[in-house]
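# Chain and residue survey
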Amino acid sequence: MATVDRTTQYRERIWADLRKVGRPDSRFHWDLSSFIADFEGSDICTDRTLDLDVWRTLGNRRVFITPDNSTEELRKRLIAENVPFVMTTYGIQRGFVELDSTTVPPGEESYAATLDGMDRYAVPVSLGQLQAGDPFAVLVTGGTAVSMSGVRFGKGHGYFDFEYAALSELGLVDSDAVLIDMVHDCQVVDEHLDGEPHDVVMDYIVTPTRTIPVHRDGREPGRILWDLIPGTEFERLEVTAELRRLVQTVDKAPRADKTIDAERQDSFRKEEKE
Amino acid sequence: MRPTNSLRNPKISPNQPQFQVEHVSGEPPLYVQVSRELERMVLALPLDHSDPLPSEPKLIDLWGVSRGTLRHAVNELARTGLLRVEQGRGTFVNHDVQVRLIVRERLVDVALPDSRFHLDFDRFVPDFLDRETCDATIMARPEWEAAQTVFAAPDNSLEHLRAQALVQGKRLVVPTFGLLRGYVVLDPTVIPEENILLAATLDGMERCGTTVDSPSVESLGRIDLLVTGATAASSDGQHIGPGNRFLSIEIHEMEEAGVIDASTPRVIVVHDCQVVEGPVALQRPESTPFVVITPTRSIGQLPIAGVGAKVGEMMRGTNGNS
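What counts, and at which threshold
Residues numbered from 1 in each chain as written. Chains lettered and ligands numbered in written order. Predicted model: local features only at pLDDT ≥ 70, side-chain atom pairs only at ≥ 80, totals over all residues. Heavy atoms only, no water. Helix = DSSP H or I, 4+ residues; strand = E, 2+ residues; numbered from the N terminus. Buried < 20%, exposed > 50% of the residue type's maximum accessible area, 1.4 Å probe, protein only. Contact = heavy atoms within 4.5 Å. Areas by Shrake-Rupley, 256 points an atom, 1.4 Å probe, with all protein chains shown as cover. Buried area = accessible area lost by both parts, 1.4 Å probe. Salt bridge = Lys/Arg side-chain N within 4 Å of Asp/Glu carboxyl O. Polar contact = N/O pair within 3.5 Å; in protein donor to acceptor, adjacent residues only side chain to side chain. Nonpolar A, V, L, I, M, F, W, Y, C, P; charged D, E, K, R; others polar. Pairing = 2+ DSSP bridges. Axes fitted to C-alpha atoms, helices over the stretch in contact; angles between N-to-C directions.

Moving on to the overall build of chain A. Broken down by element type, chain A carries nine helices and 13 strands. Of all 274 residues assigned to chain A, the portion counted as buried reaches 54%. Long-range pairs, those at least 24 residues apart, make up 66% of the contacts in chain A between residues at least 6 apart in sequence. With the model as given, the accessible surface of chain A reaches about 13000 Å², and the carbon-plus-sulfur share is 48%.

Right under this line is the structure:
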């Protein structure tokens, strides 16, 4: 298909560019298929991101940030400003975590912002706990490539798509939530690509040199496409199993005769027998 | 079921297998069961067992399985690296892998996950519970006190120690993970205080230091103390396991460049469960052994400067607190 060839071409070109302006990962080196690279100018990109209005109107609503190298500087700034956020562990292997930024001692912000340091301060949070909490005002991710129409692409694993869909399924992301993609200019494709149905459309693309609002009419709520899970790395994740239990069997409104937890226990037992 | 005879002296009667391994539908394939049984036996062998495994006919009789099933099981273990089949000579144990498998089971209870590799211990050297006690032990030693430049492996278990080195004004040399981008040199006099912890992480260290490539290792200058973590360590001072596969290369490069020599103190930091009793017949043992430091004990003696050749003698039979 012409679109597939095009995206592959773009990705190859972008990866070549990233080797010049990007930064290798501590462990994955230049294997760009294994991580989202930090890049020159990511600090300015972070400035631009934090200039967006959404940060001043958070209220009780939450922040989600991906565990990308390109979002590390943003994490550092939020820690320094005592803004808490939710993140996933790398590859979502150990689920979601939340960082109460006030638990990071002064002087340790840059450390806590790294993936290595994050493990010392962030606390695991279950989907059930997230579901019981406040919705998300803003979700920030890095990426491989993004089109001007706000469609991300590239040989990604689809982690952010999954994270967005999972949080949506839990009722935590509404159409007011702001989705931000932080990338280097070389990663922005000056073309309006149509995405797949399950692609997440971003609200802002932010680079070191520009802040690009994406114009869209509303946004489809994120949905996990359960049929696409088997055979992928998502199949074996604990979060996937937990999400299945939470969204496939339980009403959100509590019943008079049972607590939600008891209901979930029953559904889980039923599922186990199947 | 266990055989009643050890692998070393199976007294086999052809018509009386010592125990039967039968395939029951719903259970794993027969060759898998046999390979698990064989693995269990191999892991129980001495770590320097240099004889080949008993011959095929003996093993076939031992378990009452076909030649094909046995071969399949042996191939399975050869595939994982635990066994190696040498044509015409027999099947041998790879003791490096043997130790790795023994220790890996134990690590689950004490090891901390890596930010990216999580609990896949073959890919990294983990930090572990009570590692702080090892840090205190090392920092109390005169070799640490006197060291101006410390080489520290890029192991998670050494992150805190690396930070302490910088705090105490010691120059730090840390190879990049997998030695993919050379050695990082961290100069504590130019790293701001708010970046010390960052500089001790793999994620942050390259931003906080300068890089020296392998051909220029000489420019590292003299290293006074070498500290490493490990997947496993033997009581006779060897580091073992895939987590430190690059350490031997780094040591070799540094010895060639004169940056370290046999008198350079060298230390392995591991949890007690990662220590196996030596000697271990490793593929590529280090000629200069390490002192092994765990939360409960210190095993081995450090070399006295200028007494390089006698270190081996001192190490042998030293198996208590230093």
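With that out of the way, let us pick up the overall build of chain B. When helices and strands are counted, chain B shows 11 helices and 13 strands. The 322 residues of chain B split such that 53% are buried. Counting contacts in chain B only where the partners sit at least 6 residues apart, residues at least 24 apart contribute 63% of the total. Carbon and sulfur atoms make up 48% of the accessible area of chain B, which amounts to about 14400 Å² in all.

To continue, consider the interface of chain A and chain B. Contact residues are listed per partner, giving 21 residues for chain A and 22 residues for chain B. Of the roughly 2100 Å² buried at the junction of chain A and chain B (both faces included), carbon and sulfur atoms supply 52%. Taken together, chain A and chain B are joined by six salt bridges. Across the pair B:Arg116 and A:Asp25 runs a salt bridge whose closest N-O atoms are separated by 2.9 Å. Taken together, the links from chain A to chain B amount to 17 residue pairs in polar contact (both at pLDDT 80 or more). Of all the elements in the fold, those that place two or more residues in the side of chain A that touches chain B are helix 4 (109-113) and helix 5 (115-121) of chain A. Taken together, the residues of the side of chain A that touches chain B sort by class into five nonpolar, eight polar and eight charged.

Turning our eyes to something else, we now look at the sheet that holds strand 6 (residues 123-125) of chain A. Residues and elements named next belong to chain A. Taking strand neighbours across the sheet as the criterion, the eight strands line up as 6-5-4-3-7-10-12-13 in an open arrangement whose pairing is mixed. In this open sheet, the two strands that pair with only one neighbour each are strand 6 and strand 13 (211-213). With strand direction ignored, the average angle separating the axes of adjacent strands in the sheet is 25°. Looking at chain direction, strand 5 (residues 96-99) and strand 6 are connected through three bridges and run antiparallel. Within the sheet, the bridge partner assigned to Val 97 lies in strand 6 and is Pro 124.

Attention now goes to the side chain of B:Gln274. All names here are of chain B. Among the structural elements, Gln 274 can be located in the loop between strand 10 (266-269) and strand 11 (275-276). A distance of 2.8 Å separates a polar side-chain atom of Gln 274 from the backbone nitrogen of His 271. What Gln 274 contacts, discounting residues up to four positions off in sequence, is Val 103, Leu 107, Phe 128, Ala 230, Thr 231, Ala 232 and Ala 233.

With the rule as written, the count across this model stands at 37 salt bridges over all chains. The partner of A:Lys20 in a salt bridge is A:Asp17, with the nearest N and O atoms 3.9 Å apart. You can see A:Lys20 and its partner A:Asp17 sitting in helix 1 (residues 2-21), three residues apart, about one turn around the helix. Assessed through its relative accessible area of 62%, A:Lys20 is described here as exposed. Overall, the relative accessible area of 22% leaves A:Asp17 in the partly exposed class. In this structure, the salt-bridge partner of A:Glu98 is A:Arg62, at a minimum N-O distance of 3.1 Å. In this pair, A:Glu98 sits in strand 5 while A:Arg62 sits in strand 3 (residues 62-65), placing the two residues 36 residues apart along the sequence. A relative accessible area of 31% places A:Glu98 in the partly exposed class. For A:Arg62, a relative accessible area of 16% gives the class buried. Taken together, the shared-partner salt bridges in this structure form one network comprising A:Asp25, A:Arg27, A:Asp116, B:Asp114, B:Arg116 and B:Asp203.

Don't take any of this as a statement about function, it's just geometry.
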